[in-house]
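The chain contents come next:
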Amino acid sequence: MMLSKGLKRKREEEEEEEPEKEALAVDTWWLDPRLPAVAQAPPAVPSNSLLDLSVLKLHHSLRQSEPDLRHLVLLVNTLRRIQASMEPEATLPSVPSPPEAPGVAADSLLASSDAALSASMASLLEDLSHIEGLSQAPQPLVDEGPPGRPSGGAPPGLGALDLLGPATGCLLDDELKGLFEDIDTSMYDSELWAPASEGLKPGPEDGPGKEEGLELDEAQLDYLLDVLVGTQALERPPGPGR
Amino acid sequence: MELKTTRADIISTVEFNHTGELLATGDKGGRVVIFQREQESKNQVHRRGEYNVYSTFQSHEPEFDYLKSLEIEEKINKIRWLPQQNAAYFLLSTNDKTVKLWKVSERDKRPEGYNLKDEEGRLRDPATITTLRVPVLRPMDLMVEATPRRVFANAHTYHINSISVNSDYETYMSADDLRINLWNFEITNQSFNIVDIKPANMEELTEVITAAEFHPHHCNTFVYSSSKGTIRLCDMRASALCDRHTKFFEEPEDPSNRSFFSEIISSISDVKFSHSGRYIMTRDYLTVKVWDLNMENRPIETYQVHDYLRSKLCSLYENDCIFDKFECVWNGSDSVIMTGSYNNFFRMFDRNTKRDVTLEASRENSKPRAILKPRKVCVGGKRRKDEISVDSLDFSKKILHTAWHPSENIIAVAATNNLYIFQDKVN
């Protein structure tokens, strides 16, 4: 009995000393370290970890066999908010050249992942409508009375959507792969930077998976082979401002 | 007083019927368990009508959608009772895709004395029958049987979150993330679509329907809430398709509380009309709000459920708790409202006295017939002896579903896979 009382008292003492520390620890771990650490004020700029966490959650949500639409929409809206507040930083290099310095690399990575993310999120939601298009097919008798509308009103373009999408429920898987591909290879995949990547297009170090590879003429092919063999030094394309 | 369910399935919905005589629960395994209140007898005055198991049945089974290669969960999202019109009881139960109408009836008599069958049911040779008799009904052990009377399927592409019986007792509505359909109880192969918020381009989707309910008296009026914290009241007389609301309830955002999580915590998880029909109550992540139907620009009352979580939103976002959907309920006289929280806590707010209380549903802290002790969460500084600190709260113990008896102070609280029933103390 004595022992337990003693323990209890000790814990209370500890709690008296450290509760504020505990509370702060939870509040501010995710705040941008550059901002003054004000516990209550919402941060102007989220840290990368909050963005990463949100992206992770989005992927996880999509990985579900049938994503919870509410969860998805709330996540996407939150991500958009985070992105919007990060915008001023992200637009620095409008033509992201191959990384020359770590700082530039980080910014360009962020810019490209944001662009990839926006594109991905948009197409994700679009895909959800494809899924619905598929499930519209077995709808039974539709209400024909004047009031109201037929239940589960099939969109007029349903036939086209059906044809476009694959016949199985693997749309999300494909899109998911696409997401990962985009983000992983964003530094090297000039497609993502299409509007501003003219400087990169003729780049000889493009990966083998690109469509442009198919259109390489003989000269470029020779050049590539030379590079691979190592007989010719790698020539970087002139970036802006050089 | 408490009751424990025998299987380990998580309770997903709780609902009293209109007299309070029956209490239904639905669980993650697709089962419905109905409890019935004991008739109070003069001999046992101290046993004030306890609830005992009355009927158990499997309402929904897991299904497989072959076209989408997806399994449809059998979890019961909502149960709603129909008002009693004869000896049998009727309820609606729904999972993500299909609503079913169940009839629960008693059989306490059995016909005996058939002419063509013997007592074991075997057919008798007609040649052996020399006399005729009239079969009589004899009492038998009470048997409660549940039979599915209607199955309303194939009308929802997205997940059904609400069902609501209309005051005309002829129709009901079912709502999913993007659409609301109106059904007639007699017709299962058609429904009217009365709300559709699906954008032409799914890329433009920014908001979903989170809950919907019919007005308790006006059969043409209903409300639905959204993930953006808004409520729309619609009048079905205005137009067949109620995409344009009659009233739009939204509280302007408090700029001092703005954060990246503002939208998530403003998402309404439940909306309930008061019994009087004059107010609606909404539950979002941190508060319960009462709205007057005549005032659209702000609620008339706001109650903080667990404001100490406001500074923990990031952690709650990380562990997904910020997406939890709590329900809220009115008491019979609309004077008290109740909702759940974490650590098996639930909260009651008296609208008249403005007093509130936090109670806990757990076996460790309450024995049968013991009085519930109010609990308190300590936010910072000195923690008193009986208080619990915010960081010690168990976020896996959440009270999402509660119900209040329509006329008495009896409440049902679902704590994960346990059901607790609390009553006002007699004497």
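Model, not experiment: these values are computed from the prediction.

Let's shift gears to the overall build of chain B. Across its full length, chain B holds 2 helices and 32 strands. Along the longest, intermediate and shortest principal axes, the C-alpha atoms of chain B span 90 × 55 × 40 Å. Burial statistics for chain B: of 427 residues in total, 54% are counted as buried. Sequence-distant contacts, at least 24 apart, represent 52% of the contacts inside chain B between residues at least 6 apart. Summed over all atoms, the accessible surface of chain B reaches about 19,800 Å², with 48% contributed by carbon and sulfur. Each charge class in chain B was averaged separately, 58 positive and 62 negative side chains, and the resulting centres sit 5 Å apart.

With that settled, the discussion passes to the overall build of chain A. Within chain A one finds 8 helices and 1 strand. What you see in chain A, going N to C, is helices and strands ordered as α-α-α-α-α-β-α-α-α. Taking all 242 residues of chain A together, 35% fall into the buried category. In chain A, of all internal contacts separated by at least 6 residues, the share reaching a separation of at least 24 is 57%. Here chain A displays about 14,300 Å² of accessible surface, and carbon together with sulfur accounts for 61% of that area.

Turning next to the sheet that holds strand β11 (residues 136-152) of chain B. All names here are of chain B. One open sheet accounts for 4 strands, arranged β8-β9-β10-β11; its pairing is antiparallel. Where the open sheet ends on each side, the last strands, each with one partner, are β8 (78-81) and β11. Averaged over all pairs of adjacent strands, the angle between their axes in this sheet comes to 25°, without regard to strand direction.

This paragraph deals with the sheet that holds strand β4 (residues 31-37) of chain B. Strand pairing in a sheet takes place through backbone hydrogen bonds and is either antiparallel or parallel in direction. Residues and elements named next belong to chain B. With antiparallel pairing, 4 strands are arranged side by side in an open sheet as β2-β3-β4-β5. The sheet is open, and its two edges are formed by β2 (11-16) and β5 (51-58), each paired on a single side. Looking at each pair of strands side by side, their axes are set apart by 20° on average, direction ignored. Bridge analysis of β2 against strand β3 (residues 22-27) gives 5 bridges, and the strand direction is antiparallel. Residue pairing for β3: Thr13 is matched across the bridge by Gly26.

This part takes up the confidence of the model for chain B. Residues and elements named next belong to chain B. In this model, chain B carries a mean pLDDT of 91, and residues with pLDDT of at least 70 account for 95%. Across residues 1-7 the pLDDT falls below 50, and counting only partners more than four positions away or on other chains, this stretch makes 22 contacts in the model. Two numbers describe this predicted complex: its pTM, 0.71, and its ipTM, 0.89.

The next point concerns the nonpolar core. Counting 36 residues, the largest nonpolar core has A:Leu50, B:Tyr285, B:Leu309, B:Leu316, B:Tyr317, B:Ile322 and B:Leu393 as its most contacted members. The dominant element in this core, judged by the number of residues it contributes, is helix α4 (residues 69-90) of chain A, at 7 residues. By size, the runner-up hydrophobic cluster in this structure holds 15 residues, among which are B:Val336, B:Met338, B:Leu372 and B:Trp404.

Counting through the fold element by element, B:Ser262 comes out in helix α1 (residues 262-266). When the C-alpha positions of B:Ser262 and B:Phe192 are compared, they lie 35 Å apart, and in sequence the two are 70 residues distant. If we ignore the near neighbours within four places in the chain, the residues touching B:Ser262 are A:Arg81, B:Glu253 and B:Asn257. Of the polar contacts made by the side chain of B:Ser262, one reaches the side chain of B:Glu253; its length is 3.1 Å. Reaching out from B:Ser262, the side chain makes a polar contact with the backbone nitrogen of B:Ser259 at a distance of 2.7 Å.

Residue and element names in this part refer to chain B. Considering all chains together, one arrives at 19 aromatic pairs over all chains under this definition. Measuring from centroid to centroid gives 5.1 Å for Phe64 and Tyr66, while their planes differ by 70°, and the two rings are edge-to-face. Take Phe64: its relative accessible area is 41%, and that puts it in the partly exposed class. Judged by centre distance (5.3 Å) and plane angle (90°), the ring pair of Phe326 and Tyr342 falls under edge-to-face. Here the residue Phe326 occupies a position in the loop between α2 (313-318) and β24 (328-330), and Tyr342 occupies one in the loop between β25 (336-340) and β26 (345-350), the gap between them amounting to 16 residues. According to the relative accessible area criterion, Phe326 is buried, its value standing at 0%. An aromatic cluster is built from Phe152, Tyr172, Trp183 and Phe185, whose rings are joined through pairwise contacts.

Here is what the cut-offs are and how they apply
Residues numbered from 1 in each chain as written. Chains lettered and ligands numbered in written order. Predicted model: local features only at pLDDT ≥ 70, side-chain atom pairs only at ≥ 80, totals over all residues. Heavy atoms only, no water. Helix = DSSP H or I, 4+ residues; strand = E, 2+ residues; numbered from the N terminus. Buried < 20%, exposed > 50% of the residue type's maximum accessible area, 1.4 Å probe, protein only. Contact = heavy atoms within 4.5 Å. Areas by Shrake-Rupley, 256 points an atom, 1.4 Å probe, with all protein chains shown as cover. Lys, Arg positive; Asp, Glu negative; His and termini not counted. Charge placed at Lys NZ, Arg CZ, Asp CG, Glu CD. Pairing = 2+ DSSP bridges. Axes fitted to C-alpha atoms, helices over the stretch in contact; angles between N-to-C directions. pLDDT = per-residue confidence, 0-100. Core = buried A, V, L, I, M, F, W, Y, C linked by side-chain atoms within 4.5 Å. Polar contact = N/O pair within 3.5 Å; in protein donor to acceptor, adjacent residues only side chain to side chain. Phe/Tyr/Trp six-rings, centres within 6.5 Å; stacked < 30°, edge-to-face > 60°.

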